[in-house]
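# Commentary on secondary and tertiary structure
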Amino acid sequence: MEPVRRKALVDAALRVIGDHGSLAVTMSDIARQAGVSPALAHHYFGSKEQLLIETIRSLLRQLRNDTVTALKAARTPRARLSAIIRVSFHADQFAPETIAAWLAFYAEAQRSEETRRFLVIYARRLRSNLLADLKVLLPADAAERIAEGAAAMIDGLYIRQSLKSAPIGIEASIALTEDYLNALLATASPSPRSEKGRPHRTTQGQMT
């Protein structure tokens, strides 16, 4: 039962943090949401801080697993970029309570070095995933610039979604990010690697 109860407590922590919009929750709040006693919650995690760290780990673990699965199904660098974008706005990650929890963790990162470290891991992983396929399509400097812009846009859409008066849905967020990526890919020079093996057209329109 331990893995089941630990997961129930992590899921409960995510919901409670999302409902409160901050990490100012108690172990009793979380235990009540999970349907267990506070003593049992302390038994499994020791402290609220450790439970919160496991909660952010769980978010990152799920995001990583979803990304790996999506990338395996994509056949081209451009398709892999689309897979990364779609996973970023997956229904589980883009749920209102999950977004509220992400923002609460970002606020906590200003005070907690451990929380900041986990969020840095997320940011580096997103950038690295984008950059790996952009470098196949574009020169390195353009790839790095677009990767930074796309990652910033994804993060910004999460913040925008948190505004209850102006929410942006999953498909609209994906479309906005895809539009951004398509516009920059269209104006940037292709990478030599992306051109390798393609036939070249002469001025007479013949293939060489």
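Refer to the structure printed above.
None of these values were measured; they are calculated from a predicted model. (Residues numbered from 1 in each chain as written. Predicted model: local features only at pLDDT ≥ 70, side-chain atom pairs only at ≥ 80, totals over all residues. Heavy atoms only, no water.)

## What to know about the overall build of the protein
The test is simple: Strands here mean DSSP runs of E at least two residues long; helices mean DSSP runs of H or I at least four residues long; both are numbered from the N terminus. We call a residue buried when its accessible area falls under 20% of the maximum for its residue type, exposed when it is over 50%, and partly exposed in between, using a 1.4 Å probe and counting protein chains only. In what follows, a contact means two residues having at least one pair of non-hydrogen atoms within 4.5 Å.
The number of helices and strands found in the protein is ten helices and zero strands. Its helices and strands taken in sequence order, the protein reads α-α-α-α-α-α-α-α-α-α from the N to the C terminus. Classification of the 208 residues of the protein by burial places 40% in the buried group. Within the protein, counting contacts between residues at least 6 apart in sequence, those at least 24 apart form 64% of the total.

## Details of the pattern of salt bridges
Formally: Basic side-chain nitrogens of Lys or Arg form a salt bridge, by our definition, when they fall within 4 Å of a carboxyl oxygen of Asp or Glu.
Evaluation of the coordinates by the stated rule reveals eleven salt bridges. Here E54 and R57 are joined by a salt bridge, their closest N and O atoms 3.9 Å apart. Within this pair, E54 and its partner R57 are both found in helix α4 (residues 48–73), separated by three residues, close to a single helical turn. Given the relative accessible area of 35%, R57 is considered partly exposed. The residue R86 makes a salt bridge to E171 at a minimum N-O spacing of 3.2 Å.

## With respect to the side chain of Q161
Note the threshold: Between N or O atoms, a polar contact is any pair within 3.5 Å; within protein, one atom must be a potential hydrogen donor and the other a potential acceptor, and residues adjacent in sequence are included only when both atoms are from side chains.
Among the secondary structure elements, Q161 is positioned in helix α8 (residues 140–161). Only 2.6 Å separates the side chain of Q161 from the backbone nitrogen of I168, close enough to count as a polar contact.

## Remarks on the nonpolar core
This is how the line gets drawn: Grouping buried Ala, Val, Leu, Ile, Met, Phe, Trp, Tyr and Cys residues that are joined through side-chain atoms within 4.5 Å yields what is termed a nonpolar core.
Counting 61 residues, the largest nonpolar core has L130, L134 and L138 as its most contacted members. Here this core gets nine residues from one element, more than from any other, and that element is α8.

## Comments concerning helix α2 (residues 27–34)
Of the residues making up α2, those classed as buried are M27, D29, I30, A31 and A34. Trailing α2 by a residue or two, G35 shows a phi angle of about 75°, which is positive.

## Comments concerning the packing of helix α1 (residues 2–20) against α4
The line we're drawing: Each axis is a line fitted through C-alpha atoms, and for a helix only the stretch in contact is used; angles between axes span 0 to 180 degrees, taken between their N-to-C directions. Comment on the angle field: the value is read as roughly parallel under 35 degrees, roughly antiparallel over 145, roughly perpendicular from 65 to 115, and oblique elsewhere. When residues are sorted by character, Ala, Val, Leu, Ile, Met, Phe, Trp, Tyr, Cys and Pro go into the nonpolar class, Asp, Glu, Lys and Arg into the charged class, and all the rest, Gly among them, into the polar class.
α4 packs onto α1 with a crossing angle of 95° between their chain directions and a minimal axis gap of 9 Å. Put simply, α1 runs roughly perpendicular to α4. In contact with L9, V10, A13, L14 and I17 of α1, α4 contributes L51, L52, E54, T55, S58 and L59. Here the contact of α1 with α4 is composed, by residue class, of eight nonpolar, two polar and one charged.

## Quick word on the environment of E113
Tracing the backbone through its elements, the reader meets E113 in helix α7 (residues 113–137). A polar contact is formed between the side chain of E113 and the side chain of R116, at a distance of 2.8 Å.

## Notes on the packing of aromatic side chains
Put simply, the rule reads: Aromatic rings from Phe, Tyr and Trp, taking only the six-membered ring of Trp, are treated as a pair when their centres fall within 6.5 Å; an angle between ring planes under 30 degrees marks them as stacked, one over 60 as edge-to-face, and anything in between as tilted. The criterion is that NZ of a Lys, or CZ of an Arg, lies within 6 Å of the ring centre and within 35 degrees of the ring normal, and then a charge sits over that ring.
With the rule as written, the count across this model stands at four aromatic pairs. An angle of 80° between the planes, with centres 5.0 Å apart, marks the rings of F94 and Y158 as edge-to-face. Separated by 64 residues along the polypeptide, F94 in the loop between α5 (77–88) and α6 (96–108) and Y158 in helix α8 bring together distant segments of the chain. Accessibility assignment for this pair places F94 and Y158 in one class, buried. Ring geometry for W102 versus Y122: centroids 5.4 Å apart, planes at 40°, classification tilted. Note that W102 is positioned in helix α6 and Y122 in helix α7, a separation of 20 residues in sequence. An aromatic cluster is built from F89, F94 and Y158, whose rings are joined through pairwise contacts. The positively charged end of R117 is found above the aromatic ring belonging to F118, 4.8 Å away from the centroid.

## Section: helix α9 (residues 170–187)
Threshold: Each helix should span, by expectation, one fewer than its residue count multiplied by 1.5 Å. This arc is built from the directions going out from the helix axis to the C-beta atoms.
Helix length check: α9, at 18 residues, gives a terminal C-alpha distance of 26 Å against a target of 26 Å (1.5 Å per residue), a fit within 8%. Buried within α9 are the following residues: S173, I174, T177, E178, L181 and L185. Taken end-on, α9 shows its buried residues confined to a sector of 125°, consistent with a single buried face. Residues of α9 that are exposed and point over 90 degrees away from its buried face: A186 and T187.

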